[in-house]
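# Architecture and fold: a report
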Amino acid sequence: MSNKLVAYFSASGVTAKVAETLAEAIGADIFEIEPKVPYTEADLDWMDKKARSTIEMNDPASRPEIAVKRDNMKDYDTIFVGFPIWWYVAPTIINTFLESYDLTGKTIIPFATSGGSDIGKTNERLASSCKGAKLMDGKVFKGSVGHQELAAWVEGLGL
């Protein structure tokens, strides 16, 4: 078993593709962060102020439930956490995921997908959910990123 985990939340499949490529490129285990109540297309309509995603993102204390916890989180030293950028930060389900575990001594490395946004205030919003862990700077990738670029990024982290 690898001591690296790629955990990801993907609303449309783009982040899932990047997460799978990353896990393959670095020889990491993979885990999908799934919401207990799946998001519908209407939930993800960011133009609708009453959409579930909009309501969650407007409330920094929002913690959507996750369907399943990773049962062997203690086995991982390094956790790459992937997600689409929503409102210039990670979706709050990422906070739910991180707060579900004792992360003491672990290294958390965010990665995100976006059509045009940067990482924004992601680390600022995730820091309180990573108690006891080292939270590294994250990076945004396009959905078309390849093995070599992802492997080079991880190598450059100096883990």
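Residues numbered from 1 in each chain as written. Predicted model: local features only at pLDDT ≥ 70, side-chain atom pairs only at ≥ 80, totals over all residues. Heavy atoms only, no water.

Naming follows an unreviewed UniProt entry, where the protein chain appears as Flavodoxin of Amedibacillus hominis.

Moving on, we come to the packing of aromatic side chains. Applying the stated criterion across every chain, the model contains seven aromatic pairs. Judged by centre distance (6.1 Å) and plane angle (25 degrees), the ring pair of Phe31 and Phe97 falls under stacked. Remark: Phe97 occurs in helix H3 (residues 92-99) and Phe31 occurs in strand E2 (residues 29-32); sequence separation between them is 66 residues. In this pair, the class of Phe31 matches that of Phe97, namely buried. Measuring from centroid to centroid gives 5.8 Å for Phe80 and Trp153, while their planes differ by 65 degrees, and the two rings are edge-to-face. Here Phe80, found in strand E3 (residues 78-84), pairs with Trp153, found in helix H5 (residues 147-156); they are 73 residues apart in sequence, far enough to count as distant. Taken as a pair, Phe80 and Trp153 share a single burial class, namely buried. Among the aromatic side chains, those forming a connected cluster through ring pairs are Phe9, Tyr39 and Trp86. (Phe/Tyr/Trp six-rings, centres within 6.5 Å; stacked < 30°, edge-to-face > 60°. Helix = DSSP H or I, 4+ residues; strand = E, 2+ residues; numbered from the N terminus. Buried < 20%, exposed > 50% of the residue type's maximum accessible area, 1.4 Å probe, protein only.)

Take helix H1 (residues 14-26) next. A turn of α-helix holds 3.6 residues, and therefore any two residues three or four places apart point the same way. With 13 residues, H1 extends 19 Å between its outermost C-alpha atoms, agreeing within 8% with the 18 Å of an ideal straight helix rising 1.5 Å per residue. Taken together, the buried positions of H1 are Thr15, Ala16, Val18, Ala19, Thr21, Leu22, Ala23 and Ile26. Summarising the contacts, the buried residues of H1 are in contact with strand E1 (4-8), E2, E3, strand E4 (107-113) and H5. Just downstream of H1 lies Gly27, where phi reads positive at about 70 degrees. (Expected span 1.5 Å × (residues − 1). Contact = heavy atoms within 4.5 Å.)

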